[in-house]
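# Structure at a glance
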Amino acid sequence: MIKNYILMLGIAGVALGSYAAYAGNSATMTVTATIAHDVSLRVIQDLNLGTITINPSIPYGYFTLDDYVFNLDGGVISVTGASSGIYTANTNDMNNFGYAVSMDEPLYIDEVISDYADTPNTFYVGLSLAYDEVPAEGSYEGEIEITYYPR
């Protein structure tokens, strides 16, 4: 009986010693992660300025197209057949968007106006366009490049 008791105490002591040694060990694990911005800009409809009718006796003109609303000034008499450009981006933060524009002279783009649409992540694009010499009759073409700048 005493032999069994001593044997049991010996086994318990070894088990306790092993647990104490195990609990004193530690390890550090390195954790890595990659953050990706999934923006996926996509043009749905190009910006079409339609037909701009001007008074050629006035050497300057200016108009703004903002969500189908026109503000005319100077020699610009009317704008017909125009439509806003539309694009989508799977982000709600317009503060991180920029643009670059290119247009044939003598027309030039003052600013691009981008408004939220009713559809989530869909944006209407308008612009302010001006000239300071009478443009020749004909067709003009340019580009607006919209870029996302992650923070």
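The following refers to the structure shown. (Residues numbered from 1 in each chain as written. Predicted model: local features only at pLDDT ≥ 70, side-chain atom pairs only at ≥ 80, totals over all residues. Heavy atoms only, no water.)

## Focus: the environment of V112
Under the convention used in this document: Numbering of helices and strands runs from the N terminus, with a helix taken as a DSSP run of H or I at least four residues long and a strand as a DSSP run of E at least two residues long. Residues are treated as being in contact if the distance between any of their heavy atoms lies within 4.5 Å.
Looking at the secondary structure, you find V112 in strand β8 (residues 107-116). Each C-alpha atom of the pair V112 and L65 lies 9.3 Å from the other, and the pair is 47 residues apart in sequence. With near-sequence residues (within four places) excluded, V112 lies in contact with Y99, V101, V125, G126, L127 and I144.

## Things to note about the nonpolar core
We count it as follows: Only buried residues count toward a nonpolar core, which is a set of Ala, Val, Leu, Ile, Met, Phe, Trp, Tyr and Cys residues joined through side-chain atoms within 4.5 Å. Buried residues are those whose accessible area, probed at 1.4 Å on protein chains only, stays under 20% of the maximum for their type, while exposed residues exceed 50% and partly exposed ones sit between those limits.
Core analysis: the biggest nonpolar cluster contains 10 residues, these being L49, F63, L65, V76, V79, L107, I109, L127, L129 and Y131. The set of elements that each furnish at least two residues to this core consists of β3 (61-66), β5 (76-80), β8 and β9 (122-131). Sorting elements by how many residues they give to this core places β9 first, with 3 residues. Those residues in contact with L49 that sit more than four places away from it in its chain are F63, L65, V79, T80, A82, M103, L127 and L129. In this structure, V39, Y87, A89 and F97 belong to the second largest nonpolar core, which totals 8 residues.

## Focus: the layout of surface pockets
The test is simple: Whether a set of points on the 1 Å grid over the protein atoms alone is a cavity depends on a 1.4 Å probe fitting there but being unable to get out, while an open set qualifies as a pocket with protein on both sides within 12 Å along at least five of seven lines; lining residues are those with an atom within 4 Å of a point. Grid points are joined across faces, edges and corners, and a volume is the space filled by probe spheres set on the points. Side-chain classes follow a simple rule in which Ala, Val, Leu, Ile, Met, Phe, Trp, Tyr, Cys and Pro form the nonpolar group, Asp, Glu, Lys and Arg form the charged group, and the remainder, Gly included, forms the polar group.
Estimated volume of the largest pocket: approximately 870 Å³. In this structure, the largest pocket is lined by 33 residues; those nearest its centre are L47, N48, L49, M103 and G142. Every element with two or more residues in the lining of the largest pocket is listed here: β1 (42-45), β2 (51-54), β6 (85-88), β7 (97-103), β8, β9 and β10 (142-148). Here the element with the most residues in the lining of the largest pocket is β10; it accounts for 4 residues. Residues of the lining of the largest pocket, tallied by class, amount to 19 nonpolar, 9 polar and 5 charged.

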